[in-house]
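A structural walkthrough
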Amino acid sequence: MSLLELDDVKVHFPVKKGLFFDRTVGHVYAVDGVSLSIEAGQTYGLVGESGCGKTTLGRAVLRLNDITDGGVVFDGTDLAKLPSEEMRAFRRRLQMVFQDPLGSLNPRQNIESILSEGMAAHGIGKDQTERREKIKDILAKVGLPSNALSRYPHEFSGGQRQRIGIARALVLEPDVIICDEPVSALDVSVQAQVINLLEELQESLGLTYLVIAHDLAVVRHISDVIGVMYLGGLVEEAPSDALYAKPRHPYTKALMSAVPVPDPEVEDRRERILLHGDLPSPANPPAGCRFHTRCPWVQETKCATERPPLLDTGDGHKVACHFTAEIEAGTVKQTLATGIEAVTGTETVAAEAVEVSEGETETEVPAADAPEKAPVTVPAQADADAKEKAAAAEETGAKASDATDVEKETADATDEASGATEKAEGSPKA
Amino acid sequence: MTILTNKADKIDRLAELTQSSEAVTGTSLWREAFRRMRSSKMAIIGAVIIGAFVLVAIIGPWVAPHGPTAQNWRSEVFPNQGKFVGMRGENWFGLDHLGRDMFSRWLVGARQTLLVGVVSMLIGLIVGALVGVLSGAAATLGGKAGQRVDTVIMRFTDIMLSLPSLLLAVSIAAVLGQSLTTVMIAVGVVQIPIFARLLRGSMLVQGGADYVLAAKAVGIRRKRIVLTQILPNSLSPVIVQATLSLATAIIEAAALSYLGLGNPDPAIPEWGVMLSQAQRFFDNEPMMAAYPAVGIIITALGFTLLGEAMREALDPKLRG
């Protein structure tokens, strides 16, 4: 039995219209059937682009949003159907850390008042002095000076404010903390501090986390299990390392391929999947597989008509796709016609070499899509002798495209291509 | 070397600062707003004017050189022949049409004017704030039933707001009969929907804030969330409005008195009454109208200046 289990949770917000009598004209399907389970002491990471419903899901667990349907079973109790006063008592064991550290602290209350209010509401500590001792204890744990007590939120830095937010959750001695984008509003240097703090606290207090984030590096660092959300539903769930090593759902593949690799050679060879279009409106989600409108591997059968369930493909790696095995085996090819662009490093070299030969020296460098530095330097150096350069570039362009034709995606091809790149850099000088 | 010593100095000073901060008490937003208001010229001018007005209102009746109703110089004034007495040593502001000392009347009238302004503003503020809190709390935390309550209250205030304020005040005064209390109630009632709507709107904005959600997540009871979280953060526009509406209350009370709906005893001076009495003789003696008029204008200006300065000081976006 897991500590926290979500069973087909749905959160639909009614869209209302009308002057006097509100008519419901539709629903926004913010969360549409999510099931997951979190073991005690574990960290579950929830990722997805903005608007996919991950924050709504996090709030639904605490019943800060109404749950339309489904169950949130915490330690054997279904929270979704609890009357509000009983739910209030349960909130002591389920806490939340918010995204905006300043916005989530009442600007008119000092820190002591902010922290002790929750304790008073749950009857923790006999009187104010006992509570103050406890608060000082927690402040030390989260790395804040004890003189913070009488100060106000606006007198702290961003990182300190988030520590206050964490302290507010901790004073109630919760079992589960839901961290909604806990570091996305902080400076990168402070992000690491807060993440480490969260990890330390988990170790010393045995906390269970549900971390909601869009920063893949943060999620990978902190999570044991990661769930990927797309348009209100989970598309993939796997142990952290397995997911990063081998993403299986097309959406996860695209998401992962957007993360740059700090090794230039790997980065050069890396295949990037660019998704076209925007996230469809959750008020009118596509039928069938939610992702089929943007999927590079979309097939004519099933995808548009049948919603794929989240199925275990082995080792706890769950994927919601009809064609997981086929994509992996390579029997299902990317269907380019739907507007997918697979950019490989070698292709970029070839394309740009050709651009140079056309005499466009200074303009055409698609910055974001070009991992190589070489073609960038070519036009810069080449101003002097346009004729010679054009000839040389034509040659290298031909070579590069040869290389890509033969073995596009193997390491050898990349080596050859980067050889060609070197030539392209060298030849105008000669 | 000097650089080094400077550095050492700086470090020492930093250490001192951090040590002395052991005893710091935080500055709350109210205190900070007050600090900012002290450095605002607008606030200082407004406060000085209001201070002077309140002082006059309090001590006026005692320092008045003559009785405000005593017609001591009846024989010197002939309004029918256009013969008036202007400024002179004995009567600083001259005499009115019945031979009463204008300066004494002006001093005593200040108290009546302040009383009418403050009481009617308080009526509007208290009733309006209660309605606003009820409506705002129902809308933010009351669920579906609460939203219905809120809708009913707000439609009602909309109806009140849609009537021209002076017209509403005149009708109330006409129904209740002629008295000073009537003026206060009439002017106060006009202010109710303004305060109610303002506080409700402010509470709705604050009710959607993250810290309210956080308080809910922590498990604080709804009533307490309204009282300790939403309400304190929603008050600043209401306080500003209260200051500003003192100005309008004084003007409206004067207008009602001018229209003859004020105090039935015209002997008791009030700036609005004085203004309406002076009207008949405006061609011959414009100064008779000028004193109460200038008093009303300057007082209203003082409250407006202070209110605007408060608005700026309490604006979180300008927080330095």
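Calculation criteria
- Residues numbered from 1 in each chain as written.
- Chains lettered and ligands numbered in written order.
- Predicted model: local features only at pLDDT ≥ 70, side-chain atom pairs only at ≥ 80, totals over all residues.
- Heavy atoms only, no water.
- Pairing = 2+ DSSP bridges.
- Helix = DSSP H or I, 4+ residues; strand = E, 2+ residues; numbered from the N terminus.
- Contact = heavy atoms within 4.5 Å.
- Axes fitted to C-alpha atoms, helices over the stretch in contact; angles between N-to-C directions.
- 1 Å grid on protein atoms, 1.4 Å probe; cavity = no way out; pocket = protein on both sides within 12 Å on 5 of 7 lines; lining within 4 Å.
- Points joined across faces, edges and corners; volume = space filled by probe spheres on them.
- Buried area = accessible area lost by both parts, 1.4 Å probe.
- Polar contact = N/O pair within 3.5 Å; in protein donor to acceptor, adjacent residues only side chain to side chain.
- Nonpolar A, V, L, I, M, F, W, Y, C, P; charged D, E, K, R; others polar.
- Expected span 1.5 Å × (residues − 1).
- Buried < 20%, exposed > 50% of the residue type's maximum accessible area, 1.4 Å probe, protein only.
- Arc of directions from axis to C-beta.

A short note on the sheet that holds strand β2 (residues 23–38) of chain A
All names here are of chain A. The sheet built from four strands is open, its strands ordered β2-β1-β4-β5 with antiparallel pairing. The two strands at the open ends of the sheet, each matched to only one other strand, are β2 and β5 (77–78). Seen against the sheet, helix α1 (residues 54–61) touches β1 (4–17), β2 and β4 (69–74) and runs at an angle of roughly 110° to β1.

Regarding the layout of surface pockets
Estimated volume of the largest pocket: approximately 1,300 Å³. Along its surface, the largest pocket is lined by 37 residues, and Leu64(A), Asp66(A), Thr140(B), Gly143(B) and Lys216(B) are the ones closest to its centre. Among the elements of the structure, β1 and α2 (84–90) of chain A together with α4 (102–141), α5 (143–162), α7 (180–207), α8 (210–218) and α9 (222–258) of chain B are those that each provide at least two residues to the lining of the largest pocket. Residue contributions to the lining of the largest pocket peak at five residues, all from β1(A).

A closer look at the sheet that holds strand β13 (residues 318–319) of chain A
Residues and elements named next belong to chain A. The sheet built from eight strands is open, its strands ordered β6-β7-β8-β3-β9-β10-β13-β12 with mixed pairing. Lying at the two open borders of the sheet, with one neighbouring strand each, are β6 (94–97) and β12 (311–312). Note that strand β3 (residues 43–47) and strand β9 (residues 225–230) share four bridges and pair parallel. Each bridged residue has a counterpart across the sheet, and for Gly45 the counterpart in β9 is Ile226. Across the face of the sheet, helix α6 (residues 188–205) comes into contact with β3, β7 (176–180) and β8 (208–212) while running at roughly 155° to β8.

Details of the interface of chain A and chain B
At the interface, 32 residues of chain A touch 29 residues of chain B. Buried surface at the junction of chain A and chain B, summed over both partners, amounts to about 2,700 Å²; 52% is from carbon and sulfur atoms. Looking only at chain A, the three residues that lose the most surface to chain B are Arg108(A), Glu117(A) and His154(A), adding up to 25% of its buried area. Taken together, the connections running from chain A to chain B amount to 14 residue pairs in polar contact (both at pLDDT 80 or more). At the level of elements, α2, β6 and α3 (111–122) of chain A are the ones that each hand at least two residues to the side of chain A that touches chain B. Take the side of chain A that touches chain B: its biggest share by element is four residues, from α3(A). Here the residues of the side of chain A that touches chain B sort into eleven nonpolar, ten polar and eleven charged.

Details of α5(B)
Residues and elements named next belong to chain B. Taking 1.5 Å per residue as the helical rise, α5 with its 20 residues ought to reach 28 Å, and the 28 Å between its terminal C-alpha atoms agrees with that figure. Taken as a whole, α5 has its buried residues at Gly146, Asp150, Ile153, Met154, Thr157 and Met160. Projection of α5 onto a plane perpendicular to its axis shows the buried side chains occupying an angular sector of 105°, all on one side. Away from the buried face of α5 by more than 90 degrees, exposed residues Lys144, Ala145, Arg148, Val152, Phe156, Ile159 and Ser162 are located. As for α5, its buried residues are in contact with α4, α6 (165–176) and α7.

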